[in-house]
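Now for the letters of each chain:
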There are 2 protein chains.
Amino acid sequence: MDNRPIGFFDSGIGGLTSIPYIMRQLPAERIVFFGDTARTPYGSKSPQTIRQFTLQIGEFMAKKGVKMMVVACNTISATSLDELQAAYPDIPVIGVIAPTAKVVARDVPPESHIGILATKATIRSGAYVSKILEHDPSRQHIYSTACPAFVPLIEEGIIDNQIMDLTIHYYLDRFVEEHQIDTFVLGCTHYPLIADNLRRIYPDIRLISSSKEVATAVNIELSRRHMYAGPHNQEKDNVFYASDLSENFVNMIQRILGRDQDELNIRFKNLDL
Amino acid sequence: MDNRPIGFFDSGIGGLTSIPYIMRQLPAERIVFFGDTARTPYGSKSPQTIRQFTLQIGEFMAKKGVKMMVVACNTISATSLDELQAAYPDIPVIGVIAPTAKVVARDVPPESHIGILATKATIRSGAYVSKILEHDPSRQHIYSTACPAFVPLIEEGIIDNQIMDLTIHYYLDRFVEEHQIDTFVLGCTHYPLIADNLRRIYPDIRLISSSKEVATAVNIELSRRHMYAGPHNQEKDNVFYASDLSENFVNMIQRILGRDQDELNIRFKNLDL
């Protein structure tokens, strides 16, 4: 039994999309979330910059006494997971890409044409393709494409409208047609926020979400290490930190978690100083 | 005569749009530019965060020995100019808003319906309206609207296509119609990069650009203080720093300055460490 909190972090608000899955699967766990809203988006930044920001967040999480670090961000998972694990050898570090790739290799039919959608940094790393092939080297049809404008538009709350739809067509129509894609891997934790748009525009394409798979991976890892929290742990102790308490952050956290601001423990934390 | 460089800075790449005006008006001046591409965009962040980032940039500029700091960013000008001037009392600090507001008050016909387009932080500050009214208290028709998605789309290079046009319609059609706008003030140094889109969509609306007006203000201030550089100063000494050397930064600097990367002195500078 281990009542220390689990640390979740993201480059912005995207990682929040994994929180409802955790709350449902593991209601006794206490969560400390950190979103780097002051420096979001990470996906078009260089790997060196992303690594430096990641280690700052890791330090904050370690100070908060977390029992596990969950990198609920594909861009960080693709670029900085090894560095983070090396810096904190005693804390298990879970990324989103390995568990999602495993599910893809296991559950998506072998002849499927898989389209990985992610940020530039994630695509550039090749992490999804190599992890999927690790589990199933026989896969012939894995394609990738970067969609860099999705994250800033989502962070601005531009979701339920024609601009987002047009941006989806802009990035994906040709990609889907050219490669006869039948499965999208949402390789960015922001993308579940546009899952409805994707389903409407491409009703025949299967969606696999890294936000959901990371929650399952956390569950498995807690079980394997006998680190579940005891039943007296209270959900209301969850704390949501952001490096900038913008309107966007507060709006999105309410939207994703379906609660009012006064029911949530939202705090400001500046990592630069 | 003063051959020290002029320090220009911005939250990202927008401030670069003022550089061609400076090069044309003041070819002998040497420029040190800093774009905070690692933490862009600023416009939806809180004033406290913007102030902290601004003072870090100010410190970097002071270390570079600049003779003048030019805040080529409306968001910083609207939120942090006083703090910056207080921190560096011996260095003149020029923002974009005051000179642009002066030109608006002087050159735009009194009965015009003026629409200020800017980021959330700039609009929230009310700086444009109050500065214009300072110069011309009789103005009756000044309206403001925030366009938060413009900057991230521009930073992603999404300019010459339908997504940007649709985003412009989304933010501005109703605003223009409701207030019978005949003049746009581009109250963000990124917006000159979509001036062609705006001209095409609203051919009858006059555009006033803060990127151009700040160059004129620099010229006047150098003259007033007898701080012009001597004629032997060479343009090739200009240095362009960015906190993240993303593809976007390199592409946009080439686009804005019309030169190849190897003709430009582009350097990485991390302010966080």
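Above this text is the structure in question.
Summary of the structure given here. (Residues numbered from 1 in each chain as written. Chains lettered and ligands numbered in written order. Predicted model: local features only at pLDDT ≥ 70, side-chain atom pairs only at ≥ 80, totals over all residues. Heavy atoms only, no water.)

### Examining the overall build of chain A
Each helix and strand in chain A was counted, giving eleven helices and ten strands. Taken over the C-alpha trace, chain A has a radius of gyration of 18 Å; the compact-globule value for 273 residues is 19 Å, and the two agree within 12%. Going through the 273 residues of chain A one by one, you find that 64% of them count as buried. A separation of at least 24 residues holds for 77% of the contacts in chain A among residues at least 6 apart in sequence. (Helix = DSSP H or I, 4+ residues; strand = E, 2+ residues; numbered from the N terminus. Rg over C-alpha atoms; globule rule 2.2 N^0.38 Å. Buried < 20%, exposed > 50% of the residue type's maximum accessible area, 1.4 Å probe, protein only. Contact = heavy atoms within 4.5 Å.)

### Section: the pairing of strand 7 (residues 183–186) of chain B
Strand residues, when the strand is regular, have side chains that alternate between the two faces of the sheet. All names here are of chain B. Neither face of strand 7 is open: one carries Thr-183 and Val-185, the other Phe-184 and Leu-186, and all of them are buried. Inspection of the sheet shows strand 5 (residues 114–118) paired to strand 7 by four bridges, in the parallel sense. Each residue of the ladder has a partner; that of Gly-115, found in strand 7, is Phe-184. In this sheet, strand 8 (residues 206–209) lies alongside strand 7 in parallel orientation, the contact comprising four bridges. Pairing of Phe-184 across the sheet is with Leu-207, part of strand 8. This β-α-β element, strand 7 to helix 9 (residues 195–201) to strand 8, shows right-handed connectivity. (Pairing = 2+ DSSP bridges. Right-handed = clockwise from strand over helix to strand, strands pointing away.)

### Comments concerning helix 10 (residues 210–224) of chain A
Note on helix geometry: an α-helix contains 3.6 residues per turn, so any two residues three or four positions apart are oriented the same way. All names here are of chain A. Taking 1.5 Å of rise per residue, 15 residues should cover 21 Å, and helix 10 covers 21 Å from first to last C-alpha, within 8% of that figure. Measuring from the backbone nitrogen of Ser-211 back to the side-chain oxygen at the start of helix 10 gives 3.2 Å, which picks out Ser-209 as the cap. Downstream of helix 10 by a residue or two, His-226 has a phi angle that is positive, lying close to 55 degrees. (Expected span 1.5 Å × (residues − 1). Polar contact = N/O pair within 3.5 Å; in protein donor to acceptor, adjacent residues only side chain to side chain.)

### Concerning the nonpolar core
If you look at the biggest cluster of nonpolar residues, it comprises 144 residues, and the most contacted ones within it are A:Leu172 and B:Leu172. Ignoring sequence-local partners within four residues, the contact set of A:Leu172 consists of A:Leu117, A:Thr145, A:Cys147, A:Phe150, A:Phe184, A:Leu198 and A:Tyr202. (Core = buried A, V, L, I, M, F, W, Y, C linked by side-chain atoms within 4.5 Å.)

### Some words on the packing of aromatic side chains
For any pair of aromatic rings, geometry is given as the distance between the ring centres together with the angle between the planes. Residue and element names in this part refer to chain A. Per the counting criterion, the structure on display carries 16 aromatic pairs over all chains. Ring centres of Tyr-42 and Phe-53 lie 5.5 Å apart, and the angle between their planes is 50 degrees; on these two criteria the pair is classed as tilted. Here the residue Tyr-42 occupies a position in the loop between strand 2 (31–35) and helix 2 (47–63), and Phe-53 occupies one in helix 2, the gap between them amounting to eleven residues. Residue class for Phe-53 comes out buried when judged on its relative accessible area of 1%. Here a set of aromatic residues connected by ring pairs shows up, and it is made of Phe-150, Tyr-170, Tyr-171 and Tyr-191. Taking NZ or CZ as reference, Arg-39 lies 3.7 Å from the ring centre of Phe-53, over its face. (Phe/Tyr/Trp six-rings, centres within 6.5 Å; stacked < 30°, edge-to-face > 60°. Lys NZ or Arg CZ within 6 Å of the ring centre and 35° of its normal.)

### Structural notes on empty space enclosed by the protein
Counted according to the given criterion, the structure contains seven cavities of 30 Å³ or more. Around the largest cavity, the lining is made up of 22 residues, and of these A:Thr40, A:Pro41, B:Thr40, B:Pro41 and B:Pro152 lie nearest the centre. Looking at the lining of the largest cavity, the elements that each hand over two or more residues are helix 7 (150–155) of chain A together with helix 7 (150–155) of chain B. Classifying every residue of the lining of the largest cavity gives four nonpolar, ten polar and eight charged. Here the second largest cavity is characterised by a volume of approximately 60 Å³. (1 Å grid on protein atoms, 1.4 Å probe; cavity = no way out; pocket = protein on both sides within 12 Å on 5 of 7 lines; lining within 4 Å. Points joined across faces, edges and corners; volume = space filled by probe spheres on them. Nonpolar A, V, L, I, M, F, W, Y, C, P; charged D, E, K, R; others polar.)

### A closer look at the interface of chain B and chain A
On the side of chain A, 36 residues touch chain B, which itself brings 36 residues to the contact. Buried area between chain B and chain A, both sides added, is near 2,700 Å², and the carbon and sulfur share of it is 51%. Run the count over chain B and chain A and you get two salt bridges. Applying the counting rule to chain B against chain A returns ten residue pairs in polar contact (both at pLDDT 80 or more). At the level of secondary structure, the elements contributing two or more residues to the side of chain B that touches chain A comprise helix 2 (47–63), helix 5 (120–125), helix 7, helix 8 (162–179) and helix 11 (247–257) of chain B. Here the element with the most residues in the side of chain B that touches chain A is helix 8 of chain B; it accounts for six residues. Residues of the side of chain B that touches chain A, tallied by class, amount to 14 nonpolar, 14 polar and eight charged. (Buried area = accessible area lost by both parts, 1.4 Å probe. Salt bridge = Lys/Arg side-chain N within 4 Å of Asp/Glu carboxyl O.)

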